[in-house]
Amino acid sequence: MSRIRIIFEKRGLFTFVNHMDLPVVFSRAARRAGLTQEFTQGFSPHPRISLASPLAIGVDGLAEPADFWFAEWDSGSSLRWSAMLPEGLKILKCAEVEDGVGLAKLTDAAVYRISGEGASFGERAAQVLSGEAARLNALFACSIDGDTVSLTVGDLEHCGAGLLVKALAAAEVVSGWRDLRIERAVVGRWDAETRSVLPLI
């Protein structure tokens with residue numbers, strides 16, 4: 001068996017597909033591509049998959065990690081598999097990794113890019129977002145580029161997009177989700193030396 005780690009993107013209308021439905025979508029595409037997945041043991045076996053922290057509905061994921069176990073894997077497997085995925089879901093890269101720790105324990109940081117309407121959004125939003133992340137002891141870094149705030153956070157279980165939008169709405173920076181565009185640019189490990197999030201491949 002091979003443990004294959006992929007980095008995939010989730011964009012467009014596919015961002016409205018629930019995180020919990022992703023294993024089914026990936027597994028069906030794998031079967032159509034002629035790939036054989038390893039199954040869990042027990043009364044109700046299902047394909048063995050390890051996903052990173054959930055991505056909120058409506059948020060673009062630009063580099064999301066996931067692990068899958070296959071009976072066989074070759075150089076053309078990822079291309080065949082990606083070709084069977086629906087529009088909005090795409091495998092960007094993959095690598096065989098050693099079996100061991102699950103993705104939930106390997107990932108401890110993510111970068112969100114949040115933009116809104118109006119020139120004043122960047123500065124005020126950065127104050128609110130960094131303050132909320134700091135309140136949760138999850139703030140690694142925050143920067144502004146025009147009307148886009150880049151926020152690097154840890155504690156992904158508690159510091160997600162939904163909480164950040166609530167903080168912006170409570171501070172009356174925006175009225176809610178419809179005023180924002182949110183991307184999760186990368187998920188991985190925080191590196192204190194480079195002050196950046198390192199991808200898992």
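Conventions and cut-offs
- Residues numbered from 1 in each chain as written.
- Predicted model: local features only at pLDDT ≥ 70, side-chain atom pairs only at ≥ 80, totals over all residues.
- Heavy atoms only, no water.
- Salt bridge = Lys/Arg side-chain N within 4 Å of Asp/Glu carboxyl O.
- Helix = DSSP H or I, 4+ residues; strand = E, 2+ residues; numbered from the N terminus.
- Buried < 20%, exposed > 50% of the residue type's maximum accessible area, 1.4 Å probe, protein only.
- Contact = heavy atoms within 4.5 Å.
- Disulfide = S-S within 2.5 Å.
- 1 Å grid on protein atoms, 1.4 Å probe; cavity = no way out; pocket = protein on both sides within 12 Å on 5 of 7 lines; lining within 4 Å.
- Points joined across faces, edges and corners; volume = space filled by probe spheres on them.
- Nonpolar A, V, L, I, M, F, W, Y, C, P; charged D, E, K, R; others polar.
- Patch = residues over 30% accessible without salt bridge, like charges linked within 9 Å, V, L, I, M, F, W, Y side chains within 5 Å.
- Areas by Shrake-Rupley, 256 points an atom, 1.4 Å probe, with all protein chains shown as cover.
- Phe/Tyr/Trp six-rings, centres within 6.5 Å; stacked < 30°, edge-to-face > 60°.
- Axes fitted to C-alpha atoms, helices over the stretch in contact; angles between N-to-C directions.
- Parallel < 35°, antiparallel > 145°, perpendicular 65-115°, else oblique.
- Left-handed = near helix turned anticlockwise from the far one by under 90°.
- Core = buried A, V, L, I, M, F, W, Y, C linked by side-chain atoms within 4.5 Å.

- The name recorded for the protein chain in an unreviewed UniProt entry is TIGR03936 family radical SAM-associated protein, from Cloacibacillus evryensis.

**Structural notes on the pattern of salt bridges**
At step 1: Taken as a whole, this structure holds 13 salt bridges when the rule is applied.
At step 2: One salt bridge in this structure joins Glu64 and Arg184, with 2.6 Å as the shortest N-O distance. You can see Glu64 sitting in strand 3 (residues 60-70) and its partner Arg184 sitting in strand 8 (residues 180-191), a full 120 residues away along the chain. Like Glu64, the residue Arg184 is buried in the burial classification.

**Regarding helix 1 (residues 22-32)**
At step 1: For helix 1, the complete set of buried residues consists of Leu22, Val25, Phe26, Ser27, Ala29 and Ala30.
At step 2: Turning to helix 1, the residues buried within the fold contact strand 1 (2-10), strand 2 (49-51), strand 3, helix 2 (77-83) and strand 4 (89-97).
At step 3: Phi turns positive, to about 85°, at Gly34, one or two residues after helix 1.

**Regarding the state of the cysteines**
At step 1: Considering all chains together, one arrives at zero disulfides under this definition.
At step 2: Among the cysteines around Cys159, which has no disulfide bond, Cys142 carries the closest sulfur, lying 11 Å off.

**Brief notes about empty space enclosed by the protein**
At step 1: One pass over the full model with this rule turns up one cavity of 30 Å³ or more.
At step 2: For the largest cavity, the calculated volume is near 50 Å³.
At step 3: Forming the walls of the largest cavity are Phe8, Lys10, His19, Leu22, Leu51, Ala52, Ser53, Leu55, Glu64 and Pro65.
At step 4: For the lining of the largest cavity, the secondary structure elements donating two or more residues are strand 1 and strand 3.
At step 5: When the residues that make up the lining of the largest cavity are grouped by side-chain class, the tally is six nonpolar, two polar and two charged.

**As for a nonpolar patch on the surface**
At step 1: Together, Leu13, Phe16 and Ile57 give the surface a local cluster of nonpolar side chains, amounting to about 360 Å² of exposed area.
At step 2: Tracing the chain through its elements places Leu13 in the loop between strand 1 and helix 1.
At step 3: Since its relative accessible area comes to 74%, Leu13 is described here as exposed.

**A closer look at the packing of aromatic side chains**
At step 1: The full count for this structure, using the stated rule, is nine aromatic pairs.
At step 2: Here the aromatic rings of Phe8 and Phe26 are separated by 5.1 Å at their centres, their planes lie at 70°, and the arrangement is edge-to-face. One end of the pair, Phe8, is in strand 1; the other, Phe26, is in helix 1, and 18 residues separate them in sequence. Across the pair, exposure class does not vary: Phe8 and Phe26 are buried alike.

**Description of the packing of helix 4 (residues 121-135) against helix 5 (residues 161-170)**
At step 1: Where helix 4 contacts helix 5, the axes come no closer than 9 Å and their chain directions differ by 120°. In terms of their interaxial angle, helix 4 and helix 5 are classed as oblique. The crossing of helix 4 and helix 5 is right-handed. Of the residues in helix 5, those in contact with Phe121, Ala125, Val128, Leu129 and Glu132 of helix 4 are Leu163, Leu164, Ala167 and Leu168.
At step 2: Per-class residue counts for the contact of helix 4 with helix 5 are eight nonpolar, no polar and one charged.

**Details of the nonpolar core**
At step 1: By size, the foremost hydrophobic cluster in this structure holds 27 residues, and its most contacted members are Tyr112, Ile114, Phe121, Leu129, Leu168 and Leu180.
At step 2: Of all the secondary-structure elements, those providing two or more residues to this core are strand 5 (109-116), helix 4, strand 7 (148-153), helix 5 and strand 8.
At step 3: Broken down by element, this core gets its largest block of residues, six residues, from helix 4.
At step 4: In contact with Leu180, not counting residues within four places along its chain, are Ile114, Ser115, Gly116, Phe121, Val165, Leu168 and Val174.
At step 5: Formed by 19 residues, the second largest nonpolar core is a distinct cluster that contains Ile4, Phe26, Ala33 and Leu85.

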